[in-house]
Amino acid sequence: MATTVATRQILYGQAINEALRQEMRRDPTVVVMGEDVAGGATRDDQGMGDAWGGPFGLTKGLLAEFGRERVLDTPISEMGFIGAAVGAAATGMRPVADLMFVDFLGSALDQVMNQAAKLRYMFGGKAKVPMTIMTAIGAGLNAASQHSQVLYSFFVHLPGLKVVAPSDAYTAKGLMAAAIRDDDPVIVCNHKALFSVKGDCPEEEYVLPLGQARLLREGKDVTLIGMSRMAMVCRDAARMLEKDGINAEVVDVLSLSPLDEDTILRSVGKTRRVVIVDESHPRCNMATDIAALIADKGFDLLDAPIKRVTGPHAPVPFSPVLESAYIPSAERVAATARELLD
Amino acid sequence: MELSREKLLWMYERMRLIRDFEDRIAGLFAAGELPGFLHFYAGEEAVAVGVCAHLNPDDFITSTHRGHGHCIAKGVDVNQMMAELYGRATGACKGKGGSMHIADVDKGMLGANGIVGGGAPLAAGAGLTAKYNKRGQVAVCFFGDGANNQGAFHEAANLAAIWKLPVIFVCENNGYAEATPVNYATSVQDIAARASAYNIPGLVVDGQDVFAVYEAAGEAVRRARAGEGPTLLECKTYRYYGHFSGDPGGYRSEEEINEAKRRDCLERFKRQVLDRGLLTQAELDEIDRRSKEAIEQAVAFAKSSPLPSPEEVTTDVYVRYP
């Protein structure tokens, strides 16, 4: 599943940009809307249009190619514009709404939770909401508690929403494209600490299917399951464990909802020991969800209790020394894996 | 409008301290000494100071992500502020909040806020407490032109109006919500015009003139203390730095920034008080000197302060748990 063909290396952020560009070329009903997705509104004639392309540059350059009819800067009105994206999706458009930081979900939650997620069901299948919400998640940039949350569990919990969490440039481009083409509302969770990471990424158009995890590494002694940035932390932990002669298999979840149960259970069946790594807070998170799945459908596969490595039950602290202690580290994952093998 | 010498000295001292604090940390950030993200208030000093000049320690303010000016105007200790930016245990929030969350509740400073518009309902709530206490306290909500389009602001304003809460909504219209100009994002030319939607008074104020702010805020605070309800003040101002430390810019011209600097609130204050013989150059120079000293002391204090210990990650989540 993982690509082994050497291609060019681009930044995660560039991969998202390419996917957006590719989909906007392909389908004229795809529009992008959000705060400063271009920037400099009303000043295009002064050369100030597209001043930002988003705070992380994910949407930079789209204005020049597609114009302000398809790249819409919005006021700071999440309930308004995310709701407008829902309404536009339900009436024939295919909008991509940029929730700049997932922490701003609070301002928009009704439109996501009670509208986007439920219109199809409530209307007996007679509506569809083919929208995408892309949002920056995660800690690691010292952005403090209101700009560092993960929160994908909130979305996964809601029937009607789909949720993906790419972990590198390759999966970012493929999953972003898939999300846009999907006829259901899809939340694309982009970890902000991954934006500056380069990865192999094909130049051509491609789509990765939702509902599929991938193996980052094959192994036989223990399964490390990670998502978003934590998939890379698991990969790093596996390298550490290799030095101790422990051969870890790494599963990158990628699609949180729908979830690839088969890949997860197959790996646990192979190694019989599992550590699930989730940057979220410990209560009701993805790790807990996956642990319950394994305990239920994979009970006979296990030779040891299921272990979860997560953030603590606390908001994300600001001070770098505290934030580093907060985020699950490769060392902590490796130590947990070693305990399972003692 | 008669202002005592004491008040004039206080105004200049606070504005100077804010400016020096912001300029200093901009340099520290550029040198890689400060983690995270900073949002500089330089240029907007007259608003925080002109308003807070009317406030007592038991009055409340809510703030924004651009909160250092509000903190200093409300009397938060600059040593603790600097230590917070350095993420030290001696910081105002023990290093756990950072720039966007500096608070000092005992001084009525209900925190900088990382959520645009997040402070508005909080200010309404503080107004509710103030009304309940019947001691004449007021709550000031500082918010920006960006926040004026957030639902939270509208709900808070309406709530304050129907309950006649002692809240002063102070909009710091600096012309930009991040990289987006206000004339694009906001349906009205003057945000103060939105006050009529809540049936409350609304005024446009020159936010780069501390005396203009002081006068308008004085009346709004008087109204609030007298139980006459909320007011919306729109202070037209300007931020000299970008939205945040690391803002790539490109959405406003150098000429525009320089034009705003020609109306600098500190320079205008000095000219006015000197022309009218209210303060002397020597007094102003002394304040300048002491301000620089205070900032350097704050940096030294921060740098020599201990880091928080990792156990602090899980403290202060609850008062009691389970």
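Residues numbered from 1 in each chain as written. Chains lettered and ligands numbered in written order. Predicted model: local features only at pLDDT ≥ 70, side-chain atom pairs only at ≥ 80, totals over all residues.

1. A look at the packing of helix α1 (residues 12–26) of chain A against helix α7 (residues 169–181) of chain A
Residue and element names in this part refer to chain A. Close contact between α1 and α7 brings their axes to 8 Å; oriented N to C, the two are set at 30°. One element, α1, and the other, α7, form an angle in the roughly parallel class. For the pair α1 and α7, the sense of crossing is right-handed. Judged by residue contacts, Tyr12, Ala15, Ile16, Glu18, Ala19, Leu20, Gln22 and Glu23 of α1 engage Ala169, Ala172, Lys173, Met176, Ala177 and Ile180 from α7. When the residues that make up the contact of α1 with α7 are grouped by side-chain class, the tally is ten nonpolar, one polar and three charged. (Axes fitted to C-alpha atoms, helices over the stretch in contact; angles between N-to-C directions. Helix = DSSP H or I, 4+ residues; strand = E, 2+ residues; numbered from the N terminus. Parallel < 35°, antiparallel > 145°, perpendicular 65-115°, else oblique. Left-handed = near helix turned anticlockwise from the far one by under 90°. Contact = placed C-beta atoms within 7 Å. Nonpolar A, V, L, I, M, F, W, Y, C, P; charged D, E, K, R; others polar.)

2. What to know about the sheet that holds strand β1 (residues 60–62) of chain B
Consider a sheet: its strands pair through backbone hydrogen bonds, and that pairing is either parallel or antiparallel. Residues and elements named next belong to chain B. Strand order across the open sheet formed by five strands is β1-β2-β3-β7-β6, with parallel pairing between neighbours. Edge positions in the open sheet fall to β1 and β6 (202–206), since each of these has one partner strand only. This sheet shows a mean twist of 20° between the axes of neighbouring strands, independent of strand direction. Of the strand pairs in this sheet, strand β3 (residues 167–173) and strand β7 (residues 231–236) are connected by six bridges, and their pairing is parallel. Bridging across to β7, asparagine 173 finds its partner in lysine 236. The strands touched by helix α8 (residues 210–225) within the sheet are β3, β6 and β7, with β7 carrying the most contacts at an inclination of about 170°. (Pairing = 2+ DSSP bridges.)

3. A closer look at the environment of B:Arg289
As for its placement among the helices and strands, B:Arg289 is situated in helix α11 (residues 281–303). Along the backbone, B:Arg289 and B:Val313 are 24 residues apart, and their C-alpha atoms lie at a distance of 39 Å.

4. Concerning the sheet that holds strand β14 (residues 307–310) of chain A
Residues and elements named next belong to chain A. Taking strand neighbours across the sheet as the criterion, the five strands line up as β9-β11-β10-β13-β14 in an open arrangement whose pairing is mixed. Two strands bound the open sheet, and with one partner strand each, they are β9 (214–217) and β14. Each strand axis lies, on average, 25° off the axis of its neighbour in the sheet, ignoring direction. Here strand β10 (residues 222–226) pairs with strand β13 (residues 274–278) via four bridges, running parallel. Counted as the bridge partner of isoleucine 225 is isoleucine 276 from β13.

5. As for α1(A)
All names here are of chain A. Given a rise of 1.5 Å per residue, 15 residues ought to cover 21 Å, and the 21 Å separating the end C-alpha atoms of α1 matches this to within 8%. The buried fraction of α1 amounts to eleven of the 15 residues, a majority that puts the element mostly inside the structure. Restricting attention to buried positions, one finds in α1 the residues Tyr12, Gly13, Gln14, Ala15, Ile16, Asn17, Glu18, Ala19, Leu20, Glu23 and Met24. (Expected span 1.5 Å × (residues − 1). Buried ≥ 20, exposed ≤ 12 C-beta atoms within 10 Å, placed from the backbone.)

6. Some points on the domain arrangement of chain A
All names here are of chain A. Its domain assignment divides chain A into domain 1 (9–200) and domain 2 (214–341). Here the C-alpha centre of domain 2 lies 27 Å away from the C-alpha centre of domain 1. Its residues placed into classes, the side of domain 1 that touches domain 2 shows 15 nonpolar, ten polar and one charged. (Domains from an automatic or database assignment.)

7. Brief notes about the packing of helix α8 (residues 229–243) of chain A against helix α12 (residues 330–341) of chain A
Residues and elements named next belong to chain A. Interhelical geometry of α8 versus α12 gives an angle of 55° and a closest axis separation of 8 Å. When the axis of α8 is compared with that of α12, the two are oblique. In terms of crossing hand, the pair formed by α8 and α12 is right-handed. Of the residues in α12, those in contact with Val233, Cys234, Asp236, Ala237, Met240 and Leu241 of α8 are Ala330, Val333, Ala334 and Ala337.

8. Section: the environment of B:Ser291
Within the secondary structure, B:Ser291 is located in helix α11. Placed 278 residues apart in sequence, B:Ser291 and B:Glu13 show a C-alpha to C-alpha distance of 7.3 Å.

9. Let's talk about unusual backbone geometry
A cis geometry characterises the amide bond from A:Ser257 onward to A:Pro258, with omega recorded as 5°. Along the chain, A:Pro258 falls in the loop between β12 (255–257) and α9 (261–271). Cis rather than trans, the peptide bond between B:Tyr321 and B:Pro322 has omega equal to 5°. Relative to the helices and strands, B:Pro322 is located in the segment after α11. Residues other than glycine seldom take positive phi values, yet A:Thr42 does so here, at roughly 80°. In this structure, A:Thr42 sits in the loop between β2 (30–34) and α2 (62–66). Accessibility expressed as a C-beta count within 10 Å gives 17 for A:Thr42, which makes it partly exposed. We note that A:Cys284 has phi near 55°; this positive angle belongs to a residue other than glycine.

10. Observations concerning the environment of B:Gly91
All names here are of chain B. Structurally, glycine 91 can be placed in the loop between α4 (78–85) and α5 (119–133). The sequence separation of glycine 91 and leucine 203 amounts to 112 residues, and the corresponding C-alpha distance is 37 Å. Filtering out sequence-adjacent residues up to four positions away, glycine 91 remains in contact with Gln80, Ala83 and Glu84.

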